[in-house]
Amino acid sequence: MLGLAPTRPAGTAHPTTRPTGSAGAASWHTGSAAGAPSDDRPHLTDREREVLALVAQGRTNGEIAAALFISTKTASVHVSNILAKFGVATRTEAAAVALRDDLV
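What you are looking at is a predicted structure, and each value in this text was computed from that prediction instead of being measured.

1. Here we look at the nonpolar core
Taken as a class, soluble globular proteins show a tendency for nonpolar side chains to be buried jointly.
1) Next: Counting residues in hydrophobic clusters, the biggest one holds 18 residues, and the most contacted among them are Val-51, Leu-52, Ile-64, Ile-82, Phe-86 and Ala-94.
2) Next: Of all the secondary structure elements, the ones that give two or more residues to this core are helix 1 (46-56), helix 2 (61-68), helix 3 (72-86) and helix 4 (91-100).
3) Next: Ranked by residues supplied to this core, first place goes to helix 3 with five residues.
4) Next: Discounting chain neighbours no more than four positions away, the residues touching Ile-82 are Leu-44, Glu-48, Val-51, Leu-52 and Ala-94.

2. Observations concerning the pattern of salt bridges
1) Next: The final tally for this structure, using the stated rule, is three salt bridges.
2) Next: One salt bridge in this structure joins Glu-50 and Arg-47, with 3.0 Å as the shortest N-O distance. Taken as a pair, Glu-50 and Arg-47 lie in helix 1 at a separation of three residues, close to a single helical turn.
3) Next: For Arg-47, a relative accessible area of 28% gives the class partly exposed.
4) Next: Asp-101 serves as the salt-bridge partner of Arg-100, at 3.0 Å between the closest nitrogen and oxygen.
5) Next: Note on Asp-101: relative accessible area 14%, which makes it buried.

About the criteria used
Residues numbered from 1 in each chain as written. Predicted model: local features only at pLDDT ≥ 70, side-chain atom pairs only at ≥ 80, totals over all residues. Heavy atoms only, no water. Core = buried A, V, L, I, M, F, W, Y, C linked by side-chain atoms within 4.5 Å. Buried < 20%, exposed > 50% of the residue type's maximum accessible area, 1.4 Å probe, protein only. Helix = DSSP H or I, 4+ residues; strand = E, 2+ residues; numbered from the N terminus. Contact = heavy atoms within 4.5 Å. Salt bridge = Lys/Arg side-chain N within 4 Å of Asp/Glu carboxyl O.

Function-wise, these values are silent; they only describe arrangement.
Put into C-alpha cells, the structure is as follows:
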C-alpha cells in the first residue's frame, strides 16, 4: 500500500490535534490528581514569553518588533507560534489564556 498513511484506531486524535476548552480557547491545568506539580501548558521559549506579554498589552507586531529590536516579520512569526501552541485563532484569545493562566 504505497502512499497510504497507517490508520489510527477509532476514537484517537491526530497527533497535531490541539486541546480546546471553553469558547475554543485552550485550557491548561497545573497540578496532578496526586497533588504533585505538573505543567500541561505548552512550552514557550523565553522570546515567546516576551512577545506574549506584549500581545497581552495590546501591542501590534510593529510595536513588538520595535520593543524587542527584531523585524516585524519575526514578531509575526513569534505571534503565530504562540497562537499555534495555545490552539487559539486570535491574539485576543492568546492574551486571555495568558492572563487566565498567569503567564504574564
